[in-house]
Structure formats: C-alpha cells, structure tokens
Amino acid sequence: MSILVTGGTGFIGSHTCVELLEAGYDLVVFDNFYNSKPSVLDSIVDITGKGFKFYHSDMNDIGDLEKIFSDNDIDCVIHFAGFKAVGESVEKPLMYYSNNITGTLNLLNVMKDHNVKKLVFSSSATVYGVPKKVPLTEDMPLSVTNPYGRTKLMIEDILRDLCVSDPEWSVLLLRYFNPVGGHKSGLLCEDPNGIPNNLMPRILDTAFGIQEKLTVFGNDYDTVDGTGVRDYIHVTDLAKGHVNAARKLDAFRGIEAVNLGTGRGYSVLELIKTFERVNNVSVPFEFAPRRPGDVAECYADTKKAYDFLGWKAELGIEDMCRDSYVARVNHSGRSDEE
Ligand code: WQD
C-alpha cells in the first residue's frame, strides 16, 4: 500500500516526502516541475536513503492519473499539486482555476473510480480572509480575496459536498499558516522557480545580495511595531503534521479542517532582526505602502491540531531563520539540469 503525493517535489511536498519515508511509508510521487526542480528527487533520496516511484506528469492529464492508480496500490493521497502565487493568480485567474480546480476534480474522479477515498488536502489560512480576531479557529467564517485563495476555498467546498454524498470518504483539510525554513541537512529548501513572493525568500535574496534592500510593505498596521504579523511555521514541523494526518485517515470518516501553525505571531521587523542575529548577516530594508490584500495579523489557534491530530509545532523562529539560511547557502550557485 502506498501514499500518492501530488506535487511532491515542491517546497512542502518534498519535506513531507522525507518525513513520510522516514516514518516507513511507501510513496508514489508525481510532479510537473512547474515550481520545482528534478534535483529535489535526489535530495529526498540523499536525506532518507530510501527510494520511491516518481512520475513526471500533470494532474490535468487524466491518462497519467489513470496509469498511476492502475500501476500502483494507492491507499491514500496527499494533494499538494497546484499553483500558489497570490499575485500571479490575480493576473492569470483562468490558469489558476483550470490547473487547481480542474486538476483536483480529475484527481478526485480517478480516486473514486479506484475506490481510493482517503485524502489530505493542502489548504491554507488564506481561506479565513480578513480575520475579525486572532488567533484563528477552524470554525471561523471563510472568505477569500484573490483567485488563488478562491481555488483553495472552492476545493474545500467540493470536498465537503463529496463527503456529504459519500460517507466512505476520509478527508483532512490542512490549513497552513506561513511555512518557512528548510531541512536541517541543508539539502532541501524553498527554491521556487521565478521571482519569490513570500517574505523569507525575499529576506534571503537581500542577505545574499540578490536584491539590494528588502521592501517592508506597511509600517502603519495596528500591531506591535506597525508591520504585518504572521504565524511562521518550520516546514519540517508542517511536514510532520502530514504524517499525523496520514495516520488519522484510518481512524475516522468524514471531513475535518485543521490549522497547522505555531500559535505565535511575529512581525516583519521581528523576523528580520531574528534572522540577522541568528545568522550574523545584515538585511537592509525600506518601508513602502501596504501591499493590497494584506491583513494586519494572522496566527493560528492550535488546539484542534493537538487534540485531533496529536500534533504541535516543535521548532521556533530561530530554527526557521537558521535553517532557511543554511539551506540557501547549500543551494546558492547550484545549477539544475532542466
Ligand atoms: C508575510 C508578511 C507582508 C514580502 C502568503 C499567502 C498564503 C500562504 C503564505 C500559500 C506580510 C510582508 C512580504 C516582502 C514584506 N501561501 N512582506 N515584504 O501574504 O502572509 O501569505 O504566503 O498557501 O496563502 O497569502 O505571506 O510572506 O507574502 O507576507 O513586507 O517582500 O511579510 O506584507 O506582512 P502572506 P508573505
């Protein structure tokens, strides 16, 4: 019996593959390398010493999906594959709906045809929209402000309807807060294709001189120092949460949403200062107006993750800053065969 990991060479997908392999699971992985590189496959093997089946394919190719399920004894699916850049989704909504929604529908139909009804879905705190209060609990109202977030909420709604129609399904919606960091070996990191959008890759680009100054979007929020507060979570903690989720799928039917965060928020300036101190580097920055769509504060209530999944984050902000830096040092200058 294997776990199928879609998007398994991406930032969170690759770290989750490492933790699943180390937990003793057999894996089948597919990815189209839209936002990752083939060398990630070697890194996963180098870290774990374990092999797995890989398919260079796309969830919009139903024939590929059919072959994966026909050729392998899939027990459950962890579904990461999808486009995830907020800004890009605003510019190219049809590309996001076609890939994320149609692709997921293709996956669900093939799963149903093969009687595979256990799924962990990579959702996001973005489905909470502009929070009325913090920390965020899973029962809070859901709303979205961009096409990327709308694809996440639409897929959650599709899965809720599916579970109403067929009580045999077991579905976990894992709502990530802000994943950062890299594997402690330095062999895996956040290595997006193209220009990074998120804060930590931008801090790294500034620390490594790829960009002269970090732009801090807004210093007039009602927060500890006026800059945005987020719940940064180490990607390894996040990955381990998926191992707990895979185990939980055997123990319940229905659908549940679970926040994966630390429950602690840090401001942009707090993250910059911690990063500089931990790594003994300088991150020059300048303030700019608020970024459209940003919220002031967003961090998780972690009670359900602990009570329902038996999981809580173990690594702190200093680990996140150190592991992000070390992983980038190991990856700077590395060229990947396309
Ligand atoms: C964090 C803070 C910015 C860049 C996004 C997605 C969310 C999830 C995580 C996928 C904010 C500030 C950022 C920069 C800055 N992705 N910032 N300068 O927006 O909280 O969440 O990534 O699931 O769905 O929305 O993350 O890292 O972009 O921003 O000042 O160059 O850093 O204003 O306060 P965000 P982020």
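Our structure's up above, just so we're on the same page.
Residues numbered from 1 in each chain as written. Predicted model: local features only at pLDDT ≥ 70, side-chain atom pairs only at ≥ 80, totals over all residues. Heavy atoms only, no water.

1. Overview of the site of the ligand
Of all residues adjacent to the ligand, which total 19 residues, the nearest are Tyr-148, Leu-199, Thr-215, Arg-230 and Asp-294. A distance of 2.7 Å is found between an oxygen atom of the ligand and a backbone nitrogen or oxygen belonging to Leu-199. Out of a free accessible area of 690 Å², the ligand has 90% covered by protein chains. When contributions to the shell around the ligand are tallied by element, the ones reaching two or more residues are helix H7 (199-207) and strand E8 (214-217). Here the shell around the ligand takes four residues from E8, the largest share from any one element. Grouping the amino acids of the shell around the ligand by side-chain chemistry returns eight nonpolar, seven polar and four charged. (Near = heavy atom within 4 Å. Polar contact = N/O pair within 3.5 Å; in protein donor to acceptor, adjacent residues only side chain to side chain. Areas by Shrake-Rupley, 256 points an atom, 1.4 Å probe, with all protein chains shown as cover. Helix = DSSP H or I, 4+ residues; strand = E, 2+ residues; numbered from the N terminus. Nonpolar A, V, L, I, M, F, W, Y, C, P; charged D, E, K, R; others polar.)

2. So, empty space enclosed by the protein
One simple way to see leftover space: roll a probe sized like a water molecule over the atoms. On inspection of all chains with the given rule, the structure shows two cavities of 30 Å³ or more. When its volume is computed, the largest cavity comes out at roughly 60 Å³. Residue assignment for the lining of the largest cavity shows that the elements contributing at least two residues are helix H5 (93-113) and helix H6 (147-165). With three residues, the single largest contributor to the lining of the largest cavity is H6. Residue classes in the lining of the largest cavity are distributed as five nonpolar, five polar and one charged. (1 Å grid on protein atoms, 1.4 Å probe; cavity = no way out; pocket = protein on both sides within 12 Å on 5 of 7 lines; lining within 4 Å. Points joined across faces, edges and corners; volume = space filled by probe spheres on them.)

3. Some thoughts on the nonpolar core
Counting residues in each nonpolar core, the largest one holds 38 residues, and the members touching the most others are Leu-27, Leu-174, Leu-260 and Leu-309. Residue contributions to this core peak at six residues, all from helix H1 (residues 11-22). Among the nonpolar cores identified, the runner-up in size contains 27 residues, and Val-28, Leu-119, Cys-163 and Leu-173 belong to it. (Core = buried A, V, L, I, M, F, W, Y, C linked by side-chain atoms within 4.5 Å. Buried < 20%, exposed > 50% of the residue type's maximum accessible area, 1.4 Å probe, protein only.)

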